[in-house]
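One letter stands for each residue in the lines below.
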Amino acid sequence: MTAILTRPAWTTDLELEIFDKLVDKHAPHIPKKRLVEPRPPETDEERENFYRFRVAGAAHDLFIVQVCAKIIDQIPDPELQLFLSRQIGDDGAHAQNTRLRAQAISGHDPIEDIQKQVQKHWDYMGDLPIRNWQGFLAFELHYELHIVALLFINSRTSKINDPDSAKYAAEKILPDEAVHRLGVVDWWQRKFDHASQAEKEDLIAQVLEADEEGQRRRNPYLRNHWQLSQKAIGVEIDNLPVLYDTWRREVLAYFLDIPVSKLPKLVSVND
């Protein structure tokens, strides 16, 4: 695989352009924008499912905090360390807000339920996120960039939400997460773009190996989480596997600066 050095800047507009291209090809029935505003959960069953969904969201963010806190002094890159200090603060704030919203919905502090779910992330991922820089990059890809297809589908097809959660997400979480994705891209490009062609070939192989391990480890969690998302917020998941897999290929093609068609066969979320 040979680098082609033709990448445009990675932006939220580029993300939307890529995703819409994939939707047109694989799921043209999915709308390009939300058609119906979500309603709050109404029944006891809906509130319980939504609570579980919120706990899962808080656990996702708290796991990111724990991983970044462990790795921040292990990679001697001050630019990366400054970025991670923001990521830790942002995702800690996201997790805390989600914890409080889950508490408001359920009437009890969900912190123990959140930590149990965080432990499941550690069980799935093992030492990959903190093993070396390659594993940490795979972690960042999986927890920040590869999930964007789900975020777009949630934003267009979800039917249930908590108004306070939605407001916080729009004003705080979405802008922060865009910064995180761009920060991961910047870290990688600083490393990749200054490498020789031979070094780039080696980096490509290393990143693909770590990312594939991450995908195999994440698959059980992703499938369970998508089922929960369908139950809790009514999100469309029928076409999510193909959109996830093709989105991930687009992300990796961009990161590795090679055409999508030149990527090897990758682990699918359905494997």
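Attention in this report is confined to the structure presented alongside it. (Residues numbered from 1 in each chain as written. Predicted model: local features only at pLDDT ≥ 70, side-chain atom pairs only at ≥ 80, totals over all residues. Heavy atoms only, no water.)

A few words now on the nonpolar core. One finds Trp10, Phe136, Leu137, Trp188, Trp247 and Phe255 to be the most contacted residues of the largest nonpolar core, which totals 75 residues. Top contributing element to this core by residue count: helix H2 (residues 44-71), with 12 residues. In contact with Trp247, other than residues within four places in its own chain, are Trp10, Glu15, Ile18, Phe19, Leu22, Leu145, His146, Val148 and Ala149. (Core = buried A, V, L, I, M, F, W, Y, C linked by side-chain atoms within 4.5 Å. Buried < 20%, exposed > 50% of the residue type's maximum accessible area, 1.4 Å probe, protein only. Helix = DSSP H or I, 4+ residues; strand = E, 2+ residues; numbered from the N terminus. Contact = heavy atoms within 4.5 Å.)

Another point: the side chain of Glu212. Tracing the chain through its elements places Glu212 in helix H9 (residues 197-233). Judged by relative accessible area, which is 13%, Glu212 ranks as buried. Of note is the side chain of Glu212, whose polar atom sits 3.0 Å from the backbone nitrogen of Val267. Not counting the four nearest positions on each side in its chain, Glu212 is found in contact with Arg248, Lys265, Leu266 and Val267. (Polar contact = N/O pair within 3.5 Å; in protein donor to acceptor, adjacent residues only side chain to side chain.)

To continue, consider the packing of helix H8 (residues 163-192) against helix H10 (residues 240-256). Close contact between H8 and H10 brings their axes to 10 Å; oriented N to C, the two are set at 40 degrees. Looking at the two axes, H8 sits oblique to H10. Contact residues: Val184, Val185, Trp188, Gln189 and Phe192 in H8; Tyr254, Phe255 and Leu256 in H10. Residues of the contact of H8 with H10, tallied by class, amount to seven nonpolar, one polar and no charged. (Axes fitted to C-alpha atoms, helices over the stretch in contact; angles between N-to-C directions. Parallel < 35°, antiparallel > 145°, perpendicular 65-115°, else oblique. Nonpolar A, V, L, I, M, F, W, Y, C, P; charged D, E, K, R; others polar.)

In this structure, Asp162 sits in the loop between helix H7 (148-157) and H8. Taking relative accessible area as the criterion, Asp162 reaches 8% and is therefore assigned buried. A distance of 2.6 Å separates polar atoms of two side chains, one belonging to Asp162 and the other to Ser165. Apart from residues no more than four positions distant in its own chain, Asp162 is found in contact with Phe50, Arg101 and Ile105.

A few words now on the pattern of salt bridges. Evaluated as defined, the whole model comprises 21 salt bridges. Note that Asp176 and Lys172 form a salt bridge whose closest N and O atoms lie 3.2 Å from each other. Separated by four residues within a single helix, Asp176 and Lys172 lie in helix H8, roughly one turn from each other. For Lys172, a relative accessible area of 29% puts it in the partly exposed group. Through salt bridges that share partners, Arg86, Asp90, Lys172 and Asp176 make up one connected network. (Salt bridge = Lys/Arg side-chain N within 4 Å of Asp/Glu carboxyl O.)

One pair of aromatic rings is described through two measures. These are the centre distance and the angle between the planes. A complete count under the given rule lists 17 aromatic pairs for this structure. An aromatic cluster of three or more residues is present, and its members are Trp10, Phe19, Trp133, Phe152, Trp188, Phe192, Trp247, Tyr254 and Phe255. Stacked on the ring of Trp133, the Lys or Arg Lys191 has its end atom at 4.4 Å from the ring centre. Across from the ring centre of Tyr143, 4.1 Å away, lies the NZ or CZ of Arg218, which sits over that ring. (Phe/Tyr/Trp six-rings, centres within 6.5 Å; stacked < 30°, edge-to-face > 60°. Lys NZ or Arg CZ within 6 Å of the ring centre and 35° of its normal.)

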